[in-house]
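Listed below, chain by chain, are the residues.
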Amino acid sequence: MDITNPVVMLSATVWHIVETGRAADVAFCGRPLRDRRAHSRLKTVGREHVCPDCLRVLDRQPQP
């Protein structure tokens, strides 16, 4: 996973950070992804549009 620009998945109306792109079943925040729509990258959608719980988990990840 690219920790600087991870994959995000649109679930219902919220973007969530995911580990494996379209194959992901669970977001970083632990929420199940049931209504999956689009996928993109964090830098494309912007941090302000991503689940704050997912961002907290991402920010705790060790930097390469």
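Let me begin by describing the structure that accompanies this report. (Residues numbered from 1 in each chain as written. Predicted model: local features only at pLDDT ≥ 70, side-chain atom pairs only at ≥ 80, totals over all residues. Heavy atoms only, no water.)

## Brief notes about the overall build of the chain
Looking only at helices and strands, the chain features two helices and three strands. Along the chain direction, N to C, the helices and strands of the chain fall in the order β-β-β-α-α. Whereas a compact globule of 64 residues would reach a radius of gyration of roughly 11 Å, the chain reaches 10 Å, a difference of no more than 12%. Buried residues in the chain amount to 41% of all 64 residues. (Helix = DSSP H or I, 4+ residues; strand = E, 2+ residues; numbered from the N terminus. Rg over C-alpha atoms; globule rule 2.2 N^0.38 Å. Buried < 20%, exposed > 50% of the residue type's maximum accessible area, 1.4 Å probe, protein only.)

## Observations concerning the sheet that holds strand E2 (residues 14–17)
Pairing is antiparallel across the open sheet formed by three strands, whose spatial order is E2-E1-E3. Looking along the sheet, the strands with just one partner apiece sit at the ends: E2 and strand E3 (36–41). The average angle at which neighbouring strand axes cross in this sheet is 30°, direction not considered. The sheet contact formed by strand E1 (residues 7–11) and E2 spans four bridges and is antiparallel. Each bridged residue has a counterpart across the sheet, and for Met9 the counterpart in E2 is His16. (Pairing = 2+ DSSP bridges. Axes fitted to C-alpha atoms, helices over the stretch in contact; angles between N-to-C directions.)

## Looking at the pattern of salt bridges
Within the structure shown, the criterion is met by four salt bridges. The partner of Asp53 in a salt bridge is Arg56, with the nearest N and O atoms 2.3 Å apart. You can see Asp53 and its partner Arg56 sitting in helix H2 (residues 52–60), three residues apart, about one turn around the helix. (Salt bridge = Lys/Arg side-chain N within 4 Å of Asp/Glu carboxyl O.)

The analysis is restricted to geometry; functional conclusions fall outside its scope.
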